[in-house]
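# Architecture at a glance
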Amino acid sequence: MANAESLKQIKKRRTFAIISHPDAGKTTITEKVLLFGNALQTAGTVKGKKSGQHAKSDWMDMEKERGISVTTSVMQFPYHDKLVNLLDTPGHEDFSEDTYRTLTAVDSCLMVIDAAKGVEDRTRKLMEVTRLRDTPIVTFMNKLDRDIRDPMELLDEVETELDILCAPITWPIGCGKSFKGVYHLHRDETVLYQTGMGHTIQEVRIIKGLENTELDSAVGSDLAQQLRDELELVIGASNEFDEELFLQGQLTPVYFGTALGNFGVDHMLDGLTEWAPEPQSRETDQGEINAEDEGFSGFVFKIQANMDPKHRDRIAFCRIVSGKYEKGMKMRHTRIGKDVRISDALTFLAGDRALLEEAYAGDIIGLHNHGSIRIGDTFTSGKEYRFTGIPNFAPELFKRIRLKDPLKQKQLQKGLIQLSEEGAVQVFRPLMNNDLIVGAVGVLQFDVVVARLKSEYNVDAIYEHVNVSTARWVYGDDKKVDEFRRKAQQNLALDGGDNLTYIAPTMVNLQLAQERYPDIQFAKTREH
Ligand code: G4P
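Predicted model, so just to flag it, every value in this text is computed and none were measured. (Residues numbered from 1 in each chain as written. Predicted model: local features only at pLDDT ≥ 70, side-chain atom pairs only at ≥ 80, totals over all residues.)

Taken together, the neighbourhood of the ligand is formed by 19 residues, with Lys26, Thr27, Thr28, Thr258 and Leu260 sitting nearest. Looking at which element gives the most residues to the shell around the ligand, the answer is helix α2 (residues 26-36), with 3 residues. Residues that form the shell around the ligand fall into these classes: 4 nonpolar, 8 polar and 7 charged. (Near = placed C-beta within 6 Å. Helix = DSSP H or I, 4+ residues; strand = E, 2+ residues; numbered from the N terminus. Nonpolar A, V, L, I, M, F, W, Y, C, P; charged D, E, K, R; others polar.)

In this section: the environment of Gln411. Turning to its location among the elements, Gln411 is positioned in helix α12 (residues 409-421). Between the alpha carbons of Gln411 and Val459 there is a distance of 7.0 Å; along the sequence they are 48 residues apart.

Looking at where Glu292 falls in the secondary structure, it is placed in the loop between β13 (287-289) and β14 (297-305). Each C-alpha atom of the pair Glu292 and Trp171 lies 38 Å from the other, and the pair is 121 residues apart in sequence. Look past the residues within four positions of Glu292 in its chain and what remains in contact with it is Met1, Ala2, Leu7 and Ile10. (Contact = placed C-beta atoms within 7 Å.)

This part is about the environment of Asp498. Relative to the helices and strands, Asp498 is located in the loop between β30 (492-495) and β31 (500-504). Owing to 9 C-beta atoms within 10 Å, Asp498 belongs among the exposed residues under this scheme. (Buried ≥ 20, exposed ≤ 12 C-beta atoms within 10 Å, placed from the backbone.)

Another point: the sheet that holds strand β8 (residues 181-184). Sheet architecture is open: 4 strands sit in the order β7-β8-β9-β10, paired in antiparallel fashion. The open sheet terminates on both sides in strands that have one partner only, identified here as β7 (170-173) and β10 (206-208). Across the sheet, the mean angle from the axis of one strand to that of its neighbour is 25°, orientation sign disregarded. Contacting β7 and β8, helix α9 (residues 221-237) crosses the sheet at an angle of about 145° to β7. (Pairing = 2+ DSSP bridges. Axes fitted to C-alpha atoms, helices over the stretch in contact; angles between N-to-C directions.)

What follows is about helix α6 (residues 121-131). Within α6, the full set of buried residues consists of Thr123, Leu126, Met127 and Thr130. One face of α6 carries all of its buried residues, which in axial projection span an arc of 105°. Projecting away from the buried face of α6 at angles above 90 degrees are the exposed residues Asp121, Arg124 and Glu128. (Arc of directions from axis to C-beta.)

Another point: the domain arrangement of the chain. Size of an interface, as often reported, equals the accessible area lost when the parts are brought together. Each assigned domain of the chain is listed here: domain 1 (12-66 + 90-275), domain 2 (282-380) and domain 3 (394-527). For domain 2 and domain 3, the distance between their C-alpha centroids amounts to 29 Å. Counting from both sides, the interface comprises 9 residues of domain 2 and, opposite them, 7 residues of domain 3. Ranked by residues supplied to the side of domain 2 that touches domain 3, first place goes to β14 with 3 residues. In terms of residue class, the side of domain 2 that touches domain 3 is made up of 3 nonpolar, 3 polar and 3 charged. (Domains from an automatic or database assignment.)

Among the 6 residues in strand β11 (residues 251-256), 6 count as buried, and that is most of the element. Taking every second residue as pointing to the same face, both faces of β11 are buried, with Leu251, Pro253 and Tyr255 on one and Thr252, Val254 and Phe256 on the other. As judged from the 3 bridges shared by strand β5 (residues 137-142) and β11, these two strands associate in the parallel manner. Bridging across to β11, Phe140 finds its partner in Tyr255. Looking at chain direction, strand β6 (residues 165-168) and β11 are connected through 4 bridges and run parallel.

Below, the structure written as structure tokens:
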């Protein structure tokens, strides 16, 4: 058991990420959350606003301005008596692998839905991922300053499409031009909306009680009556908030508001910091590790390269699972079986790099990586175990990569292996030839890899078509795998971590291989 001060610190922590479909308002809400966390003086400085340009240049520019992507990776701020860690996930769907892995490092999620559109594709996919660990979900229905869909219908859609019960905590009064505010069901009060106050923390007017005649004069008697009628229906037809079900990921508290108008975000944050779980346990190959357990432990879920041109290093993001990090402490790097002394872990509080003196379970620390850290690595205060459940996904897109200058083969190989350890891309080396095949989950990854090979490894590379349409990691009894390796050589490759992989020219070919070799497991995901 950790000591009393550590326990106090750990219990204060709330670590979450935002999941949403692009354009639902994740960036805007992040700005407002930071505004409330006092981490920013004026909201609107998290990242440059998207202009008419598409996401691609947005991302590349962001990457170029490394300082910006640092601040948006991990944000820590105090909120009331809690300390919140908000982890950013790349917005573009081509970086979904990174997003999935980031979701293994949080204890709860905020789901943002564009209330004019309802449940969208990417939210559906991300919710599937949060389901793998039954992550508790808080929901924010955004853009109430626009004409939205019927709120009751929205809740229905979330319940049926995402298979999670909804418990409204606030309820909207009108929408679009006639949006007047929300009624808070738990506090029995109406909070009135003012337009044009999106960049500040608003002094809001609050009206106590639903039957209060002040409500009629404030929002108009028609809307006030509509609210009373709707609430009667809502209270009868929807679920009450149940903390147990919430913690099991089966019920989500729902808030309404507008991120742009900075309205309702504080209600959501109040709920999130009150109900979202404190740092949770994680599985290892030797059983579960709890946040309160004695001794430091953590796992790496993301590696980001050269974030600051002045430093030109790679940072491994490590989620602390138990105990406390102290500057200068010795950690066991369990995959390579070595002790390392860490005196320069980073935190990203308020957007600046700052040397960190201490951090606790629930926090994310940045470790300088000189090539020995990979995604999925475990650090402990001495014990030999490894965290499990940090996935790699079989790529769906493949290209052969070739050098313009053949003399730089070594740099190319080194660059690709490092980029694959970072999770930026996957690389496969066929057993039968000297090709290098790059596999990606999203098409944008290819461009990023070529750009980074050029700037970081000084290698000019180009892509060619390759006849591969899917890949599966190969597992099985040693003898069977050896036999398979001999017989199916022409379709086998090693990935960046030397794991045997079947690369199939067509899905039909894969199916035939699966039928022909029933003792071999063809896996779509691989744990680091
Ligand atoms: P994302 O990170 O989830 O992709 O969404 P982001 O916050 O960038 O928001 C997408 C668009 O929706 C932005 O407008 C943003 O201003 C707008 N938005 C966010 N919240 C609200 C809201 O509560 N009400 C309204 N009306 N709009 C909202 P954009 O025109 O695409 O970008 P920009 O030109 O404003 O940068």
